[in-house]
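What follows is the residue order along each chain.
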Amino acid sequence: MNTKYRKTIIAGNWKMNMLVSDIKPFIEELKPLLPKVKTCDTVLCVPAVNVPAMIRAGKEAKIACGTQDVSCHDKGAYTGEISAAQIADVGAKFCIVGHSERRAYHNETDLDVNCKAKKLLEHGVSPIICVGESLEQREAGLTMSHINYQVRAALAGIDAAGLRRCVIAYEPIWAIGTGKTATAEQAEEVCGEIRSIVREIYGARPARSISILYGGSMNAKNAAELLAMPDIDGGLIGGASLKPADFATIIAATGAENE
Ligand code: 13P
């Protein structure tokens, strides 16, 4: 983390878990566990149908609400899709785009990811853009070229003002839901590379200001070590964000520097 120049963000990705009736009890359990002094921005990215309930429940605990996908289209005959205007309309402030699960199970391309990010920006919603390599790519030494391609493709045509609202999450596919976390050094290496790419495209100041998160089996035990890295500005957390105590511990780990 580098709290002087950029925001620290702890974002949970609930994926397709939890019901509306789970939200209030979750927040009530989480709230007393949160640090008294705020050391990060906290977001929970929930299924779209849970957004209103999360906004209501999260207000007092200062937890912003995000969702997990958006349509590339503005409106019209796209059954089942949810537009950026609709996401903004219900009050979600963030939306994950390009998660590897969507790339894998819904054939999302880098073009789709770029389009989705732009639609969100048009409506004032911050995209959390996910990038990450597969195990095969890592083992073949293709991590950096793959990340380079994904980041540049996702940001194509987004201007500096748009970039200011973007968050990038490095999520190595092999670390998601596997319990196999990237080492702090591995995660730092790629997050640092992402910052260099942003620097090449937008210059030094935007690169210094963008929050780059790590995701992939981040948990209560390993969060502090990952967050101590200079280019890791927070986490995108799956499994551990479903457990109030673990999520609170990760949030508290962002305060380690200030203790
Ligand atoms: P896990 O934390 O469960 O590995 O999931 C990470 C993730 O995919 C967050 O978007």
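Before reading further, recall that the structure is shown in the block above.
Residues numbered from 1 in each chain as written. Predicted model: local features only at pLDDT ≥ 70, side-chain atom pairs only at ≥ 80, totals over all residues. Heavy atoms only, no water.

Colleague: Explain the site of the ligand to me, please; I cannot follow it from the model alone.
Modeller: The environment of the ligand is formed by N13, K15, H99, E171, A175, I176, G177, G216, S217, L236, G238 and G239. Side-chain polar atom of N13 to an oxygen atom of the ligand: 3.0 Å apart, as the coordinates give it. Between the ligand and the protein, one listed contact pairs an oxygen atom with a backbone N or O atom of G238 at 2.9 Å. Within the complex, the protein chains bury 95% of what would otherwise be the 310 Å² of accessible surface of the ligand. Across the shell around the ligand, the residue classes tally to three nonpolar, seven polar and two charged. (Near = heavy atom within 4 Å. Polar contact = N/O pair within 3.5 Å; in protein donor to acceptor, adjacent residues only side chain to side chain. Areas by Shrake-Rupley, 256 points an atom, 1.4 Å probe, with all protein chains shown as cover. Nonpolar A, V, L, I, M, F, W, Y, C, P; charged D, E, K, R; others polar.)

Colleague: Is there a simple way to explain helix α2 (residues 51–58) in this structure?
Modeller: In an α-helix, one full turn covers 3.6 residues, which means residues spaced three or four apart are oriented alike. What α2 keeps buried is the set V51, A53, M54, A57 and G58. Take α2 and look down its axis: the buried residues cluster within an arc of 160 degrees, on one side only. Along its buried surface, α2 packs onto α1 (20–30), β2 (41–45), β3 (63–67) and α3 (84–90). (Buried < 20%, exposed > 50% of the residue type's maximum accessible area, 1.4 Å probe, protein only. Helix = DSSP H or I, 4+ residues; strand = E, 2+ residues; numbered from the N terminus. Arc of directions from axis to C-beta. Contact = heavy atoms within 4.5 Å.)

Colleague: Would you explain the packing of α1 against helix α12 (residues 244–253) in this entry?
Modeller: Relative orientation and spacing of two packed helices are given, respectively, by the angle between their axes and the distance between those axes. It is at 9 Å that the axes of α1 and α12 come closest, and there the two elements cross at 50 degrees. Our classification of the angle between α1 and α12 gives oblique. α12 is crossed by α1, and the crossing has right-handed handedness. Contact residues: F26, E29 and L30 in α1; P244, F247 and A248 in α12. In the contact of α1 with α12, the residues fall into five nonpolar, no polar and one charged. (Axes fitted to C-alpha atoms, helices over the stretch in contact; angles between N-to-C directions. Parallel < 35°, antiparallel > 145°, perpendicular 65-115°, else oblique. Left-handed = near helix turned anticlockwise from the far one by under 90°.)

Colleague: When you look at unusual backbone geometry in this model, what are you seeing that I'm missing?
Modeller: With the exception of glycine, the majority of residues adopt a negative phi angle, and the majority of peptide bonds are in the trans configuration. Positive phi, normally seen in glycine, also occurs at K15, with a value near 50 degrees. Position of K15 among the secondary structure elements: in the loop between β1 (9–13) and α1. The class for K15 is partly exposed, based on a relative accessible area of 21%. Unlike most non-glycine residues, M18 shows phi in positive territory, near 80 degrees.

Colleague: Help me out: how do you make sense of α1 in this one?
Modeller: Taken as a whole, α1 has its buried residues at I23, F26, I27 and L30. What you see down the axis of α1 is that its buried residues fit within an arc of 95 degrees, all on one side. Away from the buried face of α1 by more than 90 degrees, exposed residues S21, K24 and E28 are located. Buried positions along α1 lie against β2, α2, β3 and α12.

Colleague: It is not clear to me how the nonpolar core should be interpreted in this structure. Could you clarify?
Modeller: Among soluble globular proteins, nonpolar side chains are generally buried collectively. Ranked by internal contacts, the top residues of the largest apolar core, which has 68 residues, are I27, L44, L155, I194 and Y214. Here this core takes eight residues from helix α9 (residues 184–202), the largest share from any one element. (Core = buried A, V, L, I, M, F, W, Y, C linked by side-chain atoms within 4.5 Å.)

Colleague: Before we go on, may I ask you to explain the packing of aromatic side chains in this structure?
Modeller: What characterises a pair of aromatic rings is the spacing of the ring centres plus the angle enclosed by the ring planes. Going through the model one piece at a time under the given rule, you end up with two aromatic pairs. Relative to F26, the ring of W14 has its centre 4.9 Å away and its plane inclined at 80 degrees; by these criteria the two rings are edge-to-face. With W14 in the loop between β1 and α1 and F26 in helix α1, the pair connects residues that are 12 residues apart, well separated along the chain. Here W14 and F26 have matching classes, each one buried. (Phe/Tyr/Trp six-rings, centres within 6.5 Å; stacked < 30°, edge-to-face > 60°.)

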